[in-house]
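Structure at a glance
Spelled out, the chains give:
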Amino acid sequence: MKYIFDFDDVLFQTGRRRYEHMYPRLKKAGISTHDIDEYYQKVRGELFSMKKLLAHFSLKEDYYEEMMREIETFNNEELLKEIKKLGKSNCYIISYGDTEFQLDKIKRTGVASLFSEIIVVQESKKKMVEKICTKHKDEKVFFIDDKAENFKDLDFKKYPNLKTILYTGQNLESYLQ
Ligand SMILES: [Mg+2]
């Protein structure tokens, strides 16, 4: 069996990190929660990156390190513990977003070594998911993501080995073995 994991809000507690790590640090730099929320509204639908955010608020690049430090605290350790048992060759990450930012985030969390391939896309995940299904057509391929919209355009008829799991923080132990 093969496993494709989403990164944000699956392997990594992205939402929690935003409020417990990012917002307090930006506040210290003089940016109010209101202004950050306003920025998020403005760039909605665009590819988020920390460097773009810092530039928007005219914060020096030095802040980047400060903003990215200790983010591994927000790893989804419970899930990663299960993934460690699966073996690197069976596990993939397909993440949506700004390539440089996503790859740096993934690198800093220290989870990269658990995955045989890390793919960042700026469009639908469909093409990459189906490519993995073709490559492993005699095996079941699980695609685990917290957004149901990422499942909508998948071709389950053409790829009968594909199974999706909508991740809401539930225990996946029974699937991951
Ligand atoms: Mg996600």
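So, how was this worked out
- Residues numbered from 1 in each chain as written.
- Predicted model: local features only at pLDDT ≥ 70, side-chain atom pairs only at ≥ 80, totals over all residues.
- Heavy atoms only, no water.
- Core = buried A, V, L, I, M, F, W, Y, C linked by side-chain atoms within 4.5 Å.
- Buried < 20%, exposed > 50% of the residue type's maximum accessible area, 1.4 Å probe, protein only.
- Domains from an automatic or database assignment.
- Helix = DSSP H or I, 4+ residues; strand = E, 2+ residues; numbered from the N terminus.
- Contact = heavy atoms within 4.5 Å.
- Donors = N, O, S within 2.8 Å, 3.2 Å for Na, K, Ca; no water.
- Buried area = accessible area lost by both parts, 1.4 Å probe.
- Salt bridge = Lys/Arg side-chain N within 4 Å of Asp/Glu carboxyl O.
- Polar contact = N/O pair within 3.5 Å; in protein donor to acceptor, adjacent residues only side chain to side chain.
- Nonpolar A, V, L, I, M, F, W, Y, C, P; charged D, E, K, R; others polar.

Quick notes on the nonpolar core
Residues Phe-5, Ile-83 and Ile-144 are the most contacted members of the largest nonpolar core, which totals 42 residues. Taken domain by domain, the makeup of this core includes at least three residues from each of domain 1 (2–13 + 75–166) and domain 2 (14–68). Membership of the second largest hydrophobic core comes to 15 residues, among which are Tyr-92, Ile-94, Val-121 and Phe-143.

A short note on helix 7 (residues 126–135)
Given 3.6 residues per turn, any residue in an α-helix points the same way as the ones three and four places further on. Residues Met-128, Val-129, Glu-130, Ile-132 and Cys-133 constitute the buried set of helix 7. Packed against the buried residues of helix 7 are strand 1 (2–5), strand 2 (91–96), strand 3 (117–121), strand 4 (141–145) and strand 5 (162–166).

So, the coordination of the magnesium ion
Binding of the magnesium ion to the protein goes through Asp-6 (OD), Asp-8 (O) and Asp-146 (OD), at separations of 2.0 to 2.2 Å. Taken in chain order, the donor set of the magnesium ion reads D-x1-D-x137-D. Pair noted here: Asp-6 is in the loop between strand 1 and helix 1 (14–28) and Asp-146 is in the loop between strand 4 and strand 5, with a separation of 140 residues, a long-range link. Asp-6 sits in the buried class, given a relative accessible area of 6%. Judged by its relative accessible area of 24%, Asp-146 falls in the partly exposed class.

Here we look at the domain arrangement of the protein
When cut into domains, the protein gives domain 1 (2–13 + 75–166) and domain 2 (14–68). Each of domain 1 and domain 2 was reduced to a C-alpha centroid, and the two centroids are 26 Å apart. Contacts between the two partners involve 13 residues from domain 1, matched on the other side by 14 residues from domain 2. Each partner contributes to the roughly 1,200 Å² buried at the junction of domain 1 and domain 2, and carbon and sulfur atoms together form 51% of this total. On the domain 1 side of the contact with domain 2, Gln-13, Phe-101 and Arg-108 bury the most area, a combined 50% of that side's loss. Our count for the contact surface shared by domain 1 and domain 2 stands at two salt bridges. We note a salt bridge from Glu-100 to Lys-51, for which the minimum N-O separation is 2.8 Å. Joining domain 1 to domain 2, the criterion identifies ten residue pairs in polar contact (both at pLDDT 80 or more). No other element matches the five residues that helix 6 (residues 99–109) contributes to the side of domain 1 that touches domain 2. Within the side of domain 1 that touches domain 2, the residues separate by chemical class into three nonpolar, three polar and seven charged.

Quick word on the pattern of salt bridges
Scanning the entire structure with this criterion turns up 13 salt bridges. The closest approach of N and O atoms between Asp-6 and Lys-125, which form a salt bridge, is 2.9 Å. Residue Asp-6 is found in the loop between strand 1 and helix 1, and its partner Lys-125 is found in the loop between strand 3 and helix 7; the two are separated by 119 residues along the sequence. Side by side, Asp-6 and Lys-125 carry an identical accessibility label, which is buried. Within the structure, one salt-bridge network assembled from shared partners comprises Arg-25, Glu-66, Arg-69 and Glu-70.

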